[in-house]
Amino acid sequence: MPAVRRALGERGVGVLTAPPGSGKTTIVPLRLLDEPWLDGRKIVVLEPRRLATRAAARWMSHLVGDEPGGVVGYVTRTDRRVSRDTRIEVITEGVLTRRLQRDPELPDTAAILFDELHERNLQTDLGLALALDARRVLRPDLRIMAMSATIDAPAVAALLGDDAPAPVVEGKARVHPVDVRWAPPRRQQRLDPHVAAVVRTALQAEPGDLLVFLPGMGEMRRVERLLLDDGVDADVRLLHGSLPTADQDAAINPSGRRRVVLSTDIAESSLTVEGIRVVIDSGLARKPRFDARTGMTRLRTVGISRASADQRAGRAGRVEPGVAYRLWSKLEHGGRPRHITPEIAEVDLAGFALELAAWGTNVADLSFIDAPPQRTLDEATRLLRSLGALDEYGGLTITGGLMATLPLHPRLSRMVVDAGSDAALACVVAALLEDRDPIRGHPNEVPVDLNERVRLVADRERHHRMANGAAVARIRDTAFDLARRAAVEWGPIDFDNTGNVLALAYPDRLALRRGSPGRFQLRTGTTAWMSDRDSLATEQFLVVSDIDGKRKDARIRLAAAIDVEHVSTAFAHEVDVRTQLVWEGDRLVARTEERLGGLVLRSRDRRPDPGVATSEVLQRRLRDRSLRDLHWTEAVRTLQTRVTHLHRKLGAPWPDWSDEALAGSLTDWLAGPLAAATGLDVLEAVDLRQALLATLGHEQIRELDRLAPTHVTVPSGRRIAVDYAPEAPTISVRVQEMYGTDRTPAIAGEPVRLELLSPARRPIQVTQDLAGFWRGSWREVRKEMAGRYPKHDWPEDPATARPSR
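Conventions used here
- Residues numbered from 1 in each chain as written.
- Predicted model: local features only at pLDDT ≥ 70, side-chain atom pairs only at ≥ 80, totals over all residues.
- Heavy atoms only, no water.
- Helix = DSSP H or I, 4+ residues; strand = E, 2+ residues; numbered from the N terminus.
- Buried < 20%, exposed > 50% of the residue type's maximum accessible area, 1.4 Å probe, protein only.
- Pairing = 2+ DSSP bridges.
- Axes fitted to C-alpha atoms, helices over the stretch in contact; angles between N-to-C directions.
- Contact = heavy atoms within 4.5 Å.
- Arc of directions from axis to C-beta.
- Parallel < 35°, antiparallel > 145°, perpendicular 65-115°, else oblique.
- Left-handed = near helix turned anticlockwise from the far one by under 90°.
- Nonpolar A, V, L, I, M, F, W, Y, C, P; charged D, E, K, R; others polar.

A. Up close: the environment of Thr638. For Thr638, the position within the fold is in helix 22 (residues 634-650). On the accessibility criterion, Thr638 (24% relative accessible area) is partly exposed. For the pair Thr638 and Ala725, spaced 87 residues apart in sequence, the C-alpha separation works out to 8.8 Å.

Set out below in structure tokens:
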């Protein structure tokens, strides 16, 4: 204590490190009450948790023979025990930030003691930075001390000191030895039964009470059930911030029987659980983690650091030698990080950025142990701008100033500030979203609809079979407190407006149903889902407030319905109206869409107007499908092949009418129909023969029949159609029809390619030299054909024989 007094008296800043249980939290403030620099002002002790805040105030009051609210008081967001006699105030982190924002000079405060700084909560880092800035600019006499058992003392001393590091005081305390035992689970063994088994082993092998560290309430309840079902001879108590005060006190204080206290990391530091001699540590904790890509912070189960493990184990050696069971291996322990990762590097920074804007400064002007990640800070700034809290220059708007006065995440504070006549409803929604879901159960059974929770909280007569009554009461009290802080007059609540109110907080999480019930697309473009049996599964629009951490196809956990009319009104300034030409099968439509980000709010289809845009879309379609959408009759194809043949043979001025060439010159030969077309049906009605002929000159049209006639007359007297698609003009004719001549038919002096057919119309010879065929291979062909088709005429000299049809 002499060193602490010197540090605060001479330098005004200091760092105190001392083992758990040495009295940092409760002894130091009491021993400073007679310091002359207090000058009638208070000592403020900052605690990271509400439970620790109340416990520290009660213990200090006990030490001075008083009750909380006397010499020692405490203030949390939901509870306040102070009086004009209070000289030591134990407060939570958010309370300090609010006080600094209201009056940075803190005229009634002489010293701030930041307890358990090693927990590195975001609000602690922010409060310390603001307090140091206030001391530097306004209150050089403000005393500041950082206290912890496992802090990086040199780094914090450098932060607190101006020209030289702040004094570091190392407190000593009698620490009893703790025997650390490694008890990892067997492979594939689940955590809960393993913890219960170790508890049973410790109860048989060791005297004293047990403190069991588990990551969350779910694990605590399951282990409790396993122990009670097994009939353990001890009181099983739960220690959790969400439990009623009476239950918390029962866990902290001795009961006269052996106790097994199941706790989260709330009992890791700043809180003493009496009578503990055995610690069982799962090595896990729930920590908030922010994903900048999804814009969401969720609690995740993570492994604790080595420093946290030491803190937990130390709880077993407070009064006598103890035992700590670590449910992981010694080898794994060596690979764990030395210190906890600070929240400033892991969580959503929207509230942090709003506080900086309210303080009128930026990160570079303040002192932090660890600077916040720039990407996360940029994401927070963008969110605040979208909520209307910041102007284009990063300054606080009027709305932002009101938001900063409420102890809520900026999303929720904006909702309360802007809810208008639905402000009471907004307070209920904010209280619900700030707390744990009062409806518990299997995910497939818990309804997604936030409105069910709103009705449960607002209507005292309403009940839900899976509701937690204590949680509902707590949320209701919080809603009333928010209404008081926001000067909201409590009145009738319109439950139908829950989605409208929620959209004020989550404008970026509007979702539209896609296809089957339960499938939705968020405004950001990602997909999400819920059970197709949920009451919201068939809604068209939702506002989603809670979703799991998956970046693709995430599960919606909490949402409210919102109607399209309100969406169009509330987001009118962001709705983008665009018209585009799209294909619905073979039908071209002009689709006008009202879009909000990746969501289509409304869509109307109509027949497109003729014009350049329509013509270009139709041309692309015709090219992509090689003109197959046009009405190609046999006559048109014949005309196409005749002209294409002449182009190959003679070149200009005969054009290339191959499909590829025609697709590339649509604006030349189909310009008129394209300009007037509104869809494929119009083009399908076009007379392609006339459209093509219109591109030829009169002389070419006259010459066409001479140079590329459609038919050739054969010796049988029949006119045979000419196929110009192959390299040479070709006719397919039964061989009997060519009897009586040895001259090959010619077109424009070019012999026709003869495809001579059997009576079954199968090719027996292809030739451009009929006389050569008669003199040559006919003999072998004749012999084979006569055997196959004996009823037909197969003369030895077909050139002189009579042709037959």
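B. Summary view of unusual backbone geometry. The amide bond that connects Ala652 to the next residue, Pro653, takes the cis arrangement and shows omega of 5°. Mapped onto the elements, Pro653 comes out in the loop between helix 22 and helix 23 (659-664). For Asp39, which is not glycine, the phi torsion reads 50° and is therefore positive. Along the chain, Asp39 falls in the loop between helix 2 (27-31) and strand 2 (42-47).

C. Quick peek at the sheet that holds strand 22 (residues 576-584). With antiparallel pairing, the three strands of this open sheet are ordered in space as 22-23-24. On the outer flanks of this sheet lie strand 22 and strand 24 (599-606), each paired with one strand and no other. When strand polarity is set aside, the average angle formed by the axes of neighbouring strands in this sheet is 30°. Sheet topology places strand 23 (residues 587-596) next to strand 24; seven bridges connect them, and they run antiparallel. Within strand 24, the residue paired with Arg595 across the bridge is Val600. On the sheet, helix 21 (residues 612-624) packs against strand 22 and strand 23 and is oriented at approximately 35° with respect to strand 22.

D. Local environment of helix 6 (residues 153-160). Among the residues of helix 6, those classed as buried are Ala153, Val156, Ala157, Leu159 and Leu160. All buried residues of helix 6 fall inside an arc of 160° around its axis, so they share one side. Looking at the packing, one finds that the buried side of helix 6 touches strand 1 (13-17), helix 5 (122-137), strand 7 (143-148) and strand 8 (168-170).

E. View of the packing of helix 4 (residues 93-102) against helix 12 (residues 350-359). Their axes nearest at 10 Å, the elements helix 4 and helix 12 cross at an angle of 25°. Relative to helix 12, helix 4 is oriented roughly parallel. Between helix 4 and helix 12 lies a crossing of left-handed hand. Taking contact as the criterion, the partners of Thr97, Arg98, Leu100 and Gln101 in helix 4 are, on helix 12, Glu355, Ala358 and Trp359.

F. Spatial organisation of the packing of helix 22 against helix 28 (residues 698-707). Running from N to C, helix 22 and helix 28 point in directions that differ by 85°, and their axes come no closer than 11 Å. With respect to their mutual orientation, helix 22 and helix 28 come out roughly perpendicular. Where helix 22 approaches helix 28, its residues Leu639, Arg642, Val643, Leu646 and Leu650 are matched on the opposing element by Leu704, Asp705 and Leu707. Residues that form the contact of helix 22 with helix 28 fall into these classes: six nonpolar, no polar and two charged.

G. Here's a closer look at the pairing of strand 2. Of all the six residues making up strand 2, six are buried; the element is thus mostly covered by neighbouring parts of the structure. Side chains of strand 2 alternate between two faces, with Lys42, Val44 and Leu46 and Ile43, Val45 and Glu47 buried alike. Here strand 2 pairs with strand 6 (residues 109-114) via five bridges, running parallel. Note that in strand 6 the partner of Lys42 across the bridge is Thr109.

H. A look at the sheet that holds strand 19 (residues 527-529). Taking strand neighbours around the barrel as the criterion, the five strands line up as 17-18-19-21-20 in a closed arrangement whose pairing is mixed. Averaged over all pairs of adjacent strands, the angle between strand axes in this sheet comes to 55°, irrespective of strand direction. Bridge analysis of strand 17 (residues 510-513) against strand 18 (residues 519-522) gives three bridges, and the strand direction is antiparallel. Along strand 18, the bridge assignment pairs Leu512 with Gln521.

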